[in-house]
Amino acid sequence: MSLLERDKRSIWHPFTPLKGSPEPLPLVRAEGVWLYTEDGRKILDAISSWWVNLHGHSHPYIADAVVKQARTLEHVIFAGFTHEPAVRLAERLLQILPNGFSKVFYSDNGSTAVEVALKMAMQYWYNAGVHHKKKIVALDGAYHGDTFGAMSVGERSPFNAPFDDYLFEVEFLPFPACYHPSCCAGKRLSPAACGQVATLLSRFEQLAQSGEVAAFIYEPLVQGASGMRMYSAEILDQLLHIAQKYDIICIADEVMTGFGRTGRLFASEYCLHKPDIICLSKGLTGGTMALGVTACTDRIVEPFRQEDIMKTFFHGHSFTANPLACAAANASLDLLLQPQCLSRIAAIAQAHLDFEAHIREHRRVRQVRCMGTIFALEIETTQQTHYFNEARHHLYTYFLDKGILLRPLGNVVYILPPYVIAPAELQMVYDAIEVMLNELGAPSDTARNNAPAQQ
């Protein structure tokens, strides 16, 4: 029986309908930016396998670190024990995170890192004896994961519709309409957009003044799953200023934006005001293993420093601070912080800007957004930008047939490559996107007239 036949009998794949979906591609190995299929195909991974892979697949340095650790200590309960890989990783993260972070709490993935952050923030107020701060504020279009707390602070959509009745109430602010990091400073906002930003800030101030808001959670500068929507550091700084003025805990979800994706190690570095809690995963281990981190400032830790056992943070996972995952993360940090890796990040960012300038006036391009190693192109269609836009049905297979893994978010085609991608390999992706746009032909006047406002 083939691998595919065995898969069909026993596997339930994520985000995949059980009927009517294309069959999964059986892989036999991967190296660098390339995936190798069972039938001999070679596919360029231009999205870092759901944004996790930083240094290329099967990187020998990370693999060797995992193997070495497996021969020493593969796992141990983390309640009552500790080990070198976890301590070393925590120390290193606290050195490179924005100033003020003092503790690291380990979990398993991005969703659990967010769950930890939400529980940590809510228990902070409980431990401090403040019982009127119970509201959480988030941004429209947010995606923070698929566990119940993470779903609650995310966009209410068809993805979580079956669970709406079970999600806790959250106040959602309008998404900042300013899509490019330099828009505000460059005075590129339209009057309508400026009005939206003013409404956003006024609404948050109103909520904050009530004294009932416990926490504000956000994806700094880039909302990934909602279409790589981007907004300015200036606007985020204003939101953080309001939050901190009214003693609201700020939670930065950097699961996607962390570890160089936006051009700096962390997107929070673009802001003057820093979060109280930060969530990390995805690129944390270089994409090798599952690991989550929730780091917090000493302010958050203080109400938990009590002998009263009922003020303990009762949260944990069986594989908390798994030594193999921590070893992989330490190895990934070794690679990330090397000058040549930081140079590659800068080179990818510049290549994206060059391609943006080349393609943005194409008749089938509604909008192009890029920041650091993230590039997003919104195709002109008659439908609004949405995950379920009909364009996604054929674009995914279109690029796979050309030997490139791109997984469009509706009509948004994005590139988020491993940092080891060569200029020629990146150009191959750009060329395929341009050919696709040319093959689409000119959009009808009706399509343009009915196109929604840009976000």
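What you see is a predicted model; the values in this text were computed from it and never measured.

Description of the pattern of salt bridges
Right, on to step 1. For the coordinates displayed, the defined rule picks out 15 salt bridges.
Right, on to step 2. A salt bridge links Arg 203 to Glu 171; its shortest N-O distance comes to 3.1 Å. Placement of the pair is Arg 203 in helix α7 (residues 191-209) and Glu 171 in strand β6 (residues 171-173), with a sequence separation of 32 residues.
Right, on to step 3. The class for Arg 203 is partly exposed, based on a relative accessible area of 30%.

Thoughts on the sheet that holds strand β7 (residues 213-218)
Right, on to step 1. With mixed pairing, 7 strands are arranged side by side in an open sheet as β4-β12-β11-β10-β7-β5-β6. The open sheet has two edge strands, β4 (101-107) and β6, and neither has a second partner. Across the sheet, the axes of successive neighbouring strands diverge by a mean angle of 20 degrees, strand direction being ignored.
Right, on to step 2. Bridge count between strand β11 (residues 277-280) and strand β12 (residues 292-297): 4 bridges; the pairing is antiparallel. The partner of Cys 279 across the bridge, within β12, is Thr 294.
Right, on to step 3. Here helix α4 (residues 84-96) sits on the sheet and contacts β4, β11 and β12; the angle it forms with β4, its principal contact strand, is near 135 degrees.

Concerning the environment of Val 66
Right, on to step 1. Inspection of the secondary structure puts Val 66 in helix α3 (residues 60-70).
Right, on to step 2. Since its relative accessible area comes to 17%, Val 66 is described here as buried.
Right, on to step 3. Along the sequence, Val 66 and Ala 331 sit 265 residues apart, while their C-alpha atoms lie 8.7 Å from each other.
Right, on to step 4. The contacts of Val 66, once residues within four sequence positions are left out, are Thr 288, Met 289, Leu 324 and Ala 328.

Conventions adopted
Residues numbered from 1 in each chain as written. Predicted model: local features only at pLDDT ≥ 70, side-chain atom pairs only at ≥ 80, totals over all residues. Heavy atoms only, no water. Salt bridge = Lys/Arg side-chain N within 4 Å of Asp/Glu carboxyl O. Helix = DSSP H or I, 4+ residues; strand = E, 2+ residues; numbered from the N terminus. Buried < 20%, exposed > 50% of the residue type's maximum accessible area, 1.4 Å probe, protein only. Pairing = 2+ DSSP bridges. Axes fitted to C-alpha atoms, helices over the stretch in contact; angles between N-to-C directions. Contact = heavy atoms within 4.5 Å.

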